[in-house]
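Results of the structural survey
Single-letter residue listing:
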Amino acid sequence: MDLASAQVLRAYFKEYYFRYGERITEPTEIRSREFGYSTFDGQMIRHLSFEDIGALRALLLKEVPAGVYCSNSLYREPAAEMHRKGWIKAELIFDIDADALKLPCRKEHDFWVCKQCGKKEMGLRPETCPSCRGNRIAETKWACRKCLEGAKNETFKLLDILESDFGISGKQIQIYFSGNAGYHVHLAESPLDELDQHGRSEISDYLTARGILPEMFRTTKMSPQDPGWRGRLARKIRDMPENDDQSANPLKANTFEDRVKELAFKLSKSESEKILLGLFSELSVKIDPMVTTDIHRIFRMPETLNNKTGLVKKSTSDLASFDPLNEAVAIPDESSRIKVLISFAPKVELCGSSYGPFVENGESVQTLPPFVAIYLIAKGVASIAPPPEQSITSKN
Ligand SMILES: [Zn+2]
Ligand SMILES: [Zn+2]
């Protein structure tokens, strides 16, 4: 990122922390947590600890970090090196990212740039550039409204399993929009806090249905009222649409009883297991297992800015009605404009308006509300347009 763009981005972050720093609340047991932050020139500073939230807010205004992070783990010595910290326990965290859903809309908004010949195109990254056959290709991922809805839907699936299979009540569950393309779910003070990495990976396997054996479910002995995966699968089979020619339903029968008989007796073992695996894949939650199992991470703090978008990692108590493209805009002020040079960008939807796509050959100059300009700069697809006199000087 060029200096002028980085300065504008940093100034926006500073203004946000100046205006809204009070929204960042003190995590429980703050003195036992590790903090860290990243800078706009790409450094990461870790192993910090704070006495209270006031000290952290002061750092935000002084340093204006690109990203601010806090551990889900509690330590006896949070500022010590990792192996000397003395791990006590850690809240369980789940990360859902739209990119992992591999939705068809990716083709409409992800794009790639060949680093060798400069060719740019919408769509998924090819193996080699069709123009120059080079393989140094950078791809940029975008999250559209459909992607964010998909991530929200996964979050609902996660909440359902946590509540019905793990008995975790809604009050213990905190939900956050990540500020980019997904959601983070934190369990506060749950009995699972003391689980080690192995225990956490068991939970992750359960949620993602990893290693599930379809032959165990090739039986007529299942009912929609059953607990756990068996009941979940039974409800899915019961609720599949009627099979007509247009339906994607792979089963011919149309009642629950006939469908389980079809799976258990009529179809071959391999056909039946293929269908069951497809259903488990739809029912499983697309969390990132690495995030859930790693107990030494620091996570972006709620109400701080995501440097990949300039949006807020935003808490929500009503996921169904939450609109990240509106509610996570850091400073929704449209009274001024910023002039930017956009190299290439899919459509952006923020605060109820849409901008672009900007996919002309060559750069396009646009005058945009600050939060849109910041989004594009943070995504790495725009830079601050130089003032006219400067561009004349540079031509001389
Ligand atoms: Zn090329
Ligand atoms: Zn999308």
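Residues numbered from 1 in each chain as written. Chains lettered and ligands numbered in written order. Predicted model: local features only at pLDDT ≥ 70, side-chain atom pairs only at ≥ 80, totals over all residues. Heavy atoms only, no water.

**Details of the nonpolar core**
Let me state the cut-off plainly: Among the buried residues, those of types Ala, Val, Leu, Ile, Met, Phe, Trp, Tyr and Cys that are joined through side-chain atoms within 4.5 Å form a nonpolar core. Burial here depends on accessible area, computed with a 1.4 Å probe over protein chains only, as a share of the maximum for the residue type. Under 20% is buried, over 50% is exposed, and the range in between is partly exposed. Secondary structure counts use DSSP, requiring at least four H or I residues in a row for a helix and at least two E residues in a row for a strand, with both numbered from the N terminus. Any two residues whose heavy atoms approach within 4.5 Å are treated as being in contact.
Phe94, Leu233, Ile237, Val340, Leu350, Leu368 and Leu376 are the most contacted members of the largest nonpolar core, which totals 98 residues. The leading source of residues in this core is helix H11 (residues 370-378), at eight residues. Look past the residues within four positions of Leu368 in its chain and what remains in contact with it is Ser336, Arg337, Ile338, Val340, Ile342, Tyr355, Phe358, Ala373 and Leu376.

**A few points about the sheet that holds strand S18 (residues 382-384)**
Consider a sheet: its strands pair through backbone hydrogen bonds, and that pairing is either parallel or antiparallel. Condition: Paired strands, in this sense, are two strands between which DSSP finds at least two bridges. In this analysis, axes come from line fits to C-alpha atoms, helices being fitted only over the stretch in contact, and the angle between any two N-to-C directions falls in the range 0 to 180 degrees.
Strand order across the open sheet formed by three strands is S17-S14-S18, with antiparallel pairing between neighbours. Single-partner strands in this sheet number two, and they are strand S17 (364-368) and S18. On average, adjacent strands in this sheet sit at an angle of 35° to one another, irrespective of strand direction. Where strand S14 (residues 338-342) meets S17, five bridges bridge the pair, whose relative direction is antiparallel. When the bridges of S17 are listed, Lys339 appears paired with Thr367. Strand contacts of H11: S14, S17 and S18, with the helix running at about 30° to S14, the strand carrying the most contacts.

**Concerning the coordination of the zinc ion (ligand 1)**
Here is the rule we go by: Here a donor is an N, O or S atom found within 2.8 Å of the metal, or within 3.2 Å if the metal is Na, K or Ca; sites may look incomplete because water is not among the atoms. For a four-donor site, all angles between 85 and 135 degrees give tetrahedral; for four or six donors, opposite pairs above 155 degrees with the remaining angles between 65 and 115 give square planar or octahedral; all remaining cases count as irregular.
Bound to the zinc ion (ligand 1) on the protein side are Cys114 (SG), Cys117 (SG), Cys129 (SG) and Cys132 (SG), at distances that span 2.3 Å. Considering all four donor atoms around the zinc ion (ligand 1), angles at the metal cover 102 to 115° and the coordination shape is tetrahedral. Sequence positions of the residues that donate to the zinc ion (ligand 1) give the spacing C-x2-C-x11-C-x2-C. Linking Cys114 in strand S7 (residues 111-114) with Cys129 in the loop between strand S8 (120-122) and strand S9 (137-140), this pair joins segments that are 15 residues apart in sequence. Taken as a pair, Cys114 and Cys129 share a single burial class, namely buried.

**Regarding the pairing of strand S1 (residues 35-38)**
Burial of S1 is two-sided: the residues Phe35 and Tyr37 facing one way and the residues Gly36 and Ser38 facing the other way are all buried. As judged from the four bridges shared by S1 and strand S3 (residues 67-71), these two strands associate in the antiparallel manner. Bridge pairing in S3 links Gly36 to Tyr69. With three bridges joining them, S1 and strand S2 (residues 44-48) adopt antiparallel strand pairing. Note on S2: the bridge partner recorded for Tyr37 is Ile45. Where S1 folds back on S2, the antiparallel hairpin that results is connected by five residues, among which Gly42 adopts a positive phi of roughly 90°.

**Focus on the coordination of the zinc ion (ligand 2)**
Here the zinc ion (ligand 2) is held by Cys105 (SG), His109 (NE2), Cys144 (SG) and Cys147 (SG), and the distances to it run 2.1 to 2.3 Å. Considering all four donor atoms around the zinc ion (ligand 2), the spread of angles at the metal, 103 to 120°, places the coordination shape in the tetrahedral class. The sequence pattern formed by the donor residues of the zinc ion (ligand 2) is C-x3-H-x34-C-x2-C. With His109 in helix H3 (residues 106-109) and Cys144 in the loop between S9 and helix H4 (145-164), the pair connects residues that are 35 residues apart, well separated along the chain.

**Considering the sheet that holds S3**
Taken in spatial order, the four strands of this open sheet run S2-S1-S3-S12, and their pairing is antiparallel. Looking at strand neighbours, the two that pair on one side only are S2 and strand S12 (298-300), the edges of this open sheet. For this sheet, the mean angle separating the axes of adjacent strands, direction not counted, is 25°. In this sheet, S12 lies alongside S3 in antiparallel orientation, the contact comprising three bridges. Bridge pairing in S12 links Cys70 to Phe299.

**Description of the pattern of salt bridges**
Condition: We count a salt bridge whenever a side-chain nitrogen from Lys or Arg sits within 4 Å of a carboxyl oxygen from Asp or Glu.
Tallied over the entire structure, the rule returns 24 salt bridges. Residue Glu22 pairs with Arg57 through a salt bridge whose shortest N-O separation is 3.7 Å. Placement of Glu22 in the loop between helix H1 (3-20) and S1 and of Arg57 in helix H2 (residues 53-63) is noted, with a sequence separation of 35 residues between them. Residue Arg33 is joined to Glu91 by a salt bridge in which the shortest nitrogen-to-oxygen separation is 2.7 Å. On the criterion of sequence distance, the pair formed by Arg33 in the loop between H1 and S1 and Glu91 in the loop between strand S5 (87-90) and strand S6 (92-97) is long-range, its members being 58 residues apart. One continuous salt-bridge network, built from bridges that share partners, spans Glu15, Arg19 and Asp333.

**Quick notes on unusual backbone geometry**
Look at the link from Gly356 to Pro357: it is a cis peptide, with omega at 5°. Relative to the helices and strands, Pro357 is located in the loop between strand S16 (353-355) and S17. In this model, Val64 sits at a positive phi of 45°, which is unusual for a non-glycine residue. Note on placement: Val64 falls in the loop between H2 and S3. Note on Val64: relative accessible area 2%, which makes it buried.

**A closer look at the domain arrangement of the protein chain**
Put simply, the rule is: For every domain, the bounds stem from an assignment made automatically or drawn from a database. Note on definitions: buried area is the accessible-area loss of two parts on being combined, 1.4 Å probe, summed for both.
By the assigned domains, the protein chain splits into domain 1 (3-99 + 146-207 + 288-324), domain 2 (106-143), domain 3 (226-283) and domain 4 (332-384). Measuring from the centre of the C-alpha atoms in domain 1 to the corresponding centre in domain 2 gives 31 Å. The interface of domain 1 with domain 2 comprises six residues on the first partner and six residues on the second. When the two sides are added together, the surface that domain 1 and domain 2 hide from each other amounts to roughly 390 Å², 59% of it contributed by carbon and sulfur. Looking only at domain 1, the three residues that lose the most surface to domain 2 are Asp99, Lys146 and Cys147, adding up to 80% of its buried area. For the interface between domain 1 and domain 2, the tally reads two salt bridges.

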